[in-house]
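Here is what each chain is made of, one letter per residue.
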Amino acid sequence: METIKAAVCHEHGQPLVIEEISIRPPEAGEIEVDIHAVAICQSDISFAEGGFGGPVPAVYGHEAAGKITKVGPNVQGLAEGDTVVVTLIRACGHCPSCETARPVTCETPYNSLTDGPLKTASGDPIYQGLETGAFAEKVVVLASQAAKIPDTVPMESAALLACGVITGLGSVVNVAHVRPGQTVVVIGAGGVGLNAIQGARIAGAAKIIAVDMSEDKLDMARDFGATHGVLGNAEKPWSVAKKINGGRGADAVFVTVGVAPVYDAAPRYLAPGGNIIMVGLPHATEKAKYSPLGMGNAAQGIIGTMMGNTVIRRDIPWMVDLYEQGRLKLDELISNRFTLDQINEAIESTKSGSAKRNVIVLK
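Source: prediction; values computed, not measured.

A. Region of interest: the pairing of strand β14 (residues 250-255). The buried fraction of β14 is high, at five of six residues. Pairing geometry for strand β11 (residues 183-187) and β14, over four bridges, is parallel. From the neighbouring strand, isoleucine 187 faces β14, where its bridge partner is valine 255. Two strands pair when backbone bridges link them, and β14 and strand β15 (residues 270-278) are joined in this way by five bridges, in the parallel orientation. Paired with valine 255 across the bridge in β15 is methionine 278. For the crossover from β14 across helix α8 (residues 260-265) to β15, the handedness is right-handed.

B. Expanded view of the environment of leucine 160. Inspection of the secondary structure puts leucine 160 in the loop between α3 (155-159) and α4 (164-176). Spatially, the C-alpha atoms of leucine 160 and glycine 54 are 24 Å apart, while their sequence positions differ by 106 residues. Look past the residues within four positions of leucine 160 in its chain and what remains in contact with it is Ala39, Glu63, Val165, Leu330, Leu333, Ile334, Arg357 and Val359.

C. Inspection of the packing of aromatic side chains at higher detail. The full count for this structure, using the stated rule, is three aromatic pairs. One aromatic cluster in this structure is built from Phe47, Phe52 and Tyr60. Over the ring of tyrosine 110 we find arginine 90, and its NZ or CZ is 3.5 Å from the ring centre.

D. Molecular detail of the sheet that holds strand β7 (residues 118-119). Read across the open sheet, the three strands follow the order β1-β2-β7; overall the sheet is antiparallel. The open sheet has two free edges, formed respectively by β1 (2-8) and β7, since each of these has just one partner strand. Here strand β2 (residues 17-23) pairs with β7 via two bridges, running antiparallel. Each residue of the ladder has a partner; that of isoleucine 23, found in β7, is leucine 118.

E. Inspection of helix α11 (residues 343-351) at higher detail. All of the buried residues in α11 are Ile343, Ala346, Ile347, Ser349 and Thr350. One side of α11 carries all its buried residues, which in axial view fall inside an arc of 160°. For α11, the secondary structure elements touched by its buried residues are β1, β2, α1 (42-49), β17 (334-338) and β18 (357-361). Looking one or two residues beyond α11, the residue adopting positive phi is glycine 353, at roughly 85°.

F. Layout of the environment of asparagine 74. For asparagine 74, the position within the fold is in the loop between β5 (64-71) and β6 (83-86). The class of asparagine 74 is exposed, set by a relative accessible area of 69%. Counting along the chain gives 110 residues from asparagine 74 to valine 184, while the straight-line C-alpha distance between them is 44 Å. Apart from the residues lying within four places of it in its own chain, the contact partners of asparagine 74 are Ala28 and Gly29.

Calculation criteria
- Residues numbered from 1 in each chain as written.
- Predicted model: local features only at pLDDT ≥ 70, side-chain atom pairs only at ≥ 80, totals over all residues.
- Heavy atoms only, no water.
- Buried < 20%, exposed > 50% of the residue type's maximum accessible area, 1.4 Å probe, protein only.
- Helix = DSSP H or I, 4+ residues; strand = E, 2+ residues; numbered from the N terminus.
- Pairing = 2+ DSSP bridges.
- Right-handed = clockwise from strand over helix to strand, strands pointing away.
- Contact = heavy atoms within 4.5 Å.
- Phe/Tyr/Trp six-rings, centres within 6.5 Å; stacked < 30°, edge-to-face > 60°.
- Lys NZ or Arg CZ within 6 Å of the ring centre and 35° of its normal.
- Arc of directions from axis to C-beta.

In structure tokens form, the structure reads like this:
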């Protein structure tokens, strides 16, 4: 066991505590990664607040990049010294989901409390949040959770590829299959929403309508490719969006905020045959409602997505290509940089809604 510094959640809803914990060496199929940068995702905050459940003590953080320092037995395609993006997509490679190119819904059970690599200084197990636990100096993860990238991509920017970018862009390309000329609505112009907007631009959508409560965020959305902006607190924002599109609804509506009432209104933005893409996740106790009659008659649908249905070793390399060509914005997504000791400050900044993405820089 090795001693590392990590931000530990001992009680849901309380500040994280920086302390020394133990991490075991990688076992068969695993790698150890020295974390250089990890971004703050809203999902980490929801877990830390208890909104998604899970045991404590826990180490969260799942949007990371770093260098491989150790490789366990039976690992292929990765080696010590490789620069990698570390994701939460733990895939066994042989279950029905993995065999049909849906590793994000891998069906092989894994208990990251009893089987995970982390322990307290006294030897008690620590929950490895989202099977990653990257609010720490090092992680030990399954090799399937890492994608090799060039050294030329800055670590702070590379970390964003682990979740926010692949979730937003993947929801457009892999889930909604947006085609050139279509109209999309993206509700929420935060970190994931901006990447859905980028994805729609890259896919060739004719109209990309951003909906948010803030004019500043709508301006930001335009910087990332939105063609129009609608204030969500307008009397009937869906009517405004339809007017922009000549009276017709959108072919796809991406809900990128984890607020259940937003899902209540989302069908109003849709055109006949359109789909709502469920990207943002409300807390487990929150419910949404819709009219099956109205949506059924209009041949509309609701599609769930986990991490943009991404296959990381297929999708992250082409996203890196887009970045290097100047077609995908990564650097511009970073609002603030913090040290690990400042993680609670970074979380509060993220909760305020003012930041696109906050990043903890460790190296």
